[in-house]
Amino acid sequence: MAEAEGNGGPRQVAVIGAGIIGICCALYLQRDGHQVTVLDPQPPGEGCSRGNSGIFALVHCVPDSTPGLVWQVPGMMLDPLGPLIVRPSYLLKALPWLLRFLAASRRGPFEAGFAALYAMTQHALVAYQPLVESAGAQDMVRKQGWLLVFESDESFAKEKPYKVDMSSRAGIRLEVLDGKGARELEPALSPSIRHGVFYPEVAHSTDPFRFVQVLAEDFRRKGGTILAERVTGFEMGPRGPTVVHTEAGRHTPDSVVLAAGAYSKPLARMLGSRIPLDTERGYHAMLPDPRVSLKVPVMSGDFHCALTPMAEGLRVGGSVEFAGVHAAPNYARVDKLVSVGHRVLPGLNDAGHTRWMGCRPSLPDSLPVVSRSPRYPTVYFAFGHGQVGLTNAGITGKLIAELMAGRPTTIDTTPYRADRF
Ligand SMILES: Cc1cc2nc3c(=O)[nH]c(=O)nc-3n(C[C@H](O)[C@H](O)[C@H](O)COP(=O)(O)OP(=O)(O)OC[C@H]3O[C@@H](n4cnc5c(N)ncnc54)[C@H](O)[C@@H]3O)c2cc1C
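This write-up is about the structure you can find in this document. Just so it is clear, the model here is predicted, and its values are computed rather than measured.

About the criteria used
- Every chain is numbered independently, its residues counted from 1 as its sequence is written.
- Restriction of local features to residues with pLDDT of at least 70 applies here, the model being predicted, together with a cutoff of 80 or more for giving and counting side-chain atom pairs; totals for whole chains, interfaces and linings are based on all residues.
- The side-chain values count all of the structure's non-hydrogen atoms but skip hydrogen atoms and water molecules.
- Surface patches are drawn from residues lacking salt bridges whose relative accessible area is over 30%; two like charges belong together within 9 Å, two nonpolar side chains (Val, Leu, Ile, Met, Phe, Trp, Tyr) within 5 Å.
- Residue exposure ignores everything except the shown protein chains as possible cover, and the areas themselves are Shrake-Rupley values with a 1.4 Å probe.
- The salt bridge definition used is simple: a Lys or Arg side-chain nitrogen within 4 Å of an Asp or Glu carboxyl oxygen.
- Numbering of helices and strands starts at the N terminus; helices are DSSP runs of H or I of at least 4 residues and strands are runs of E of at least 2.
- Exposure categories follow from relative accessible area, calculated using a 1.4 Å probe and restricted to protein chains: below 20% of the type maximum is buried, above 50% is exposed, and the middle band is partly exposed.
- In this analysis, the expected span of each helix is defined as 1.5 Å times one less than the number of residues it contains.
- Just so you know, the count uses Lys and Arg for positive and Asp and Glu for negative, and it drops His and the chain ends.
- When DSSP finds two or more bridges between two strands, those strands count as paired.
- For every element, the axis is a line fit to its C-alpha atoms; helices are fit only across the contacting stretch, and the angle between N-to-C directions ranges from 0 to 180 degrees.
- Residue contacts are defined here by distance: any two heavy atoms, one from each residue, within 4.5 Å place the two residues in contact.
- Among buried residues, those of type Ala, Val, Leu, Ile, Met, Phe, Trp, Tyr and Cys that are joined through side-chain atoms within 4.5 Å constitute a nonpolar core.
- All domain edges in this entry derive from an automatic or database-based domain assignment.

### So, a nonpolar patch on the surface
A grouping of Leu-91, Leu-92, Leu-95 and Leu-99 is seen on the molecular surface, where their side chains present a nonpolar patch of about 400 Å² in accessible area. Turning to its location among the elements, Leu-91 is positioned in helix α3 (residues 91–103). Looking at Leu-91, the relative accessible area reads 38%, which means it is partly exposed.

Pasting the structure below:
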């Protein structure tokens, strides 16, 4: 079996991508004694970590493609500023992904997806722990809980079977609240909020960008190398790449980990695997002086919009837009997020807010690829974490190190294999 082929000894490893996934893989590989070089044209964290909502969403185990979704998607897509949109010019390109996404909503695949996400998230914080402790970043992970709120009975009824019933059956701790109970927790919430679900085990980071930088600094301090180089191609031998080409030169590592987020698809192809990766582009508004305070991050279940108290102010983030990695941002989507912010928190001040767009690396079954290449034994894949890449980066790094060493893995990696499509 390929997974048993790991040969334990220290090697030269190239990690492609310095996002949270690449940095966590690099740190875990470094702990195993490998000499690790991270290649990325951008400084660590400049991808999705620059603007995500900062939630270690240990309860986010429900795949996005829920049963019955097929009937809801057309309605969702009619609103050009709704939570999910496919740009008309991108529809044909997105179609195969969308069809797989709808296929994943069948009861069997959906339940398997839940189990596989649950397995990862159960180990998410534990796997981060040694990395966070070593970097002295304990105060950057705050375990204060997460509050999901609804103003519409209909939205709550739609989400309850998954976010409450299925989750509590799986053992996720949660508390169902009415509007009054939600406002007792967060007095700034609108009187229009009628339902809440509080998840006490969830943690958040008040600066997910700085979090990656701090982890990357620790990696460097311990002898790791980060080079500002874009990978452009490979020279392939029978066991994997013999040369990694970058815009600046060439490298000859023993093993390669591909962790380039939403940009991984063409590189995976060059490494022998066709993976149906696309991007669900997300947006945020950063409000520097919100004039309302939240004790814990809040998520609007009606509008799929996250409100996270951060070091720089209040971040209002969300939106899923299919338009590929290269199209210009549509900042009207940020205006929509800000309007949701006002609706959930009536006293909100949005003066001076900044706007951001980032490319979530997404696979249609909501699961990442965390796998040895099915084709080349020296190639590993770690990408496609979609909505929960910050959450599951630590466990991903740990699994990649275990696969490379040929050790038994912390969880069964079969659901995340590269050849499952
Ligand atoms: C609005 C929004 C909110 C989110 N909120 C949350 C949240 O609350 N909790 C959560 O868990 N997740 C959240 N996410 C998702 C999470 O941010 C991502 O899943 C995660 O950051 C992906 O990390 P990554 O390292 O795979 O990709 P990225 O952070 O995008 O990093 C990929 C890196 O690869 C580099 N790269 C690309 N091409 C090449 C190349 N050819 N050679 C070398 N390097 C290359 C890029 O420069 C980039 O630095 C959110 C995402 C968005 C957009």
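### Overview of helix α4 (residues 107–122)
Here α4 spans 22 Å end to end across 16 residues, near enough to the 22 Å set by a 1.5 Å rise per residue. When α4 is considered as a whole, its buried residues turn out to be Phe-110, Gly-113, Phe-114, Ala-116, Leu-117, Met-120 and Thr-121.

### Comments concerning the side chain of Asp-40
Within the element layout of this structure, Asp-40 appears in the loop between β2 (35–39) and β3 (55–56). Here Asp-40 occupies a buried position and makes no salt bridge, while the nearest side chain of opposite charge, Arg-230, is found at 6.8 Å.

### Observations concerning the sheet that holds strand β20 (residues 379–383)
Pairing in this open sheet of six strands is mixed, and the strands run β9-β2-β1-β13-β20-β19 from one edge to the other. Of all strands in the sheet, those with a lone pairing partner are β9 (225–227) and β19 (369–372), marking the two edges. Between one strand and the next, the sheet's axes are offset by a mean angle of 20°, whatever the strand orientation. Note: strand β1 (residues 12–16) against strand β13 (residues 255–258), four bridges, orientation parallel. Bridge pairing links Ile-16 to Leu-258 in β13. Running at roughly 10° to β19, helix α11 (residues 389–405) makes contact with β1, β13, β19 and β20 of the sheet.

### Here's the deal with the nonpolar core
Across soluble globular proteins, nonpolar side chains show a tendency to be buried alongside one another. Formed by 70 residues in total, the largest nonpolar core has its most connected members in Val-15, Ile-20, Leu-29, Tyr-128, Phe-211, Leu-215 and Val-257. Ranked by residues supplied to this core, first place goes to helix α1 (residues 20–31) with nine residues. Each of two domains, domain 1 (2–49 + 210–276 + 366–416) and domain 2 (68–103 + 140–203 + 278–362), supplies a minimum of three residues to this core. If sequence neighbours within four positions are ignored, Leu-29 has contacts with Val-13, Val-15, His-34, Val-36, Val-257, Ile-400, Ala-401 and Met-404. Judged by nonpolar contacts, the second largest core, of 28 residues, contains Leu-307, Val-338, Leu-348 and Met-357.

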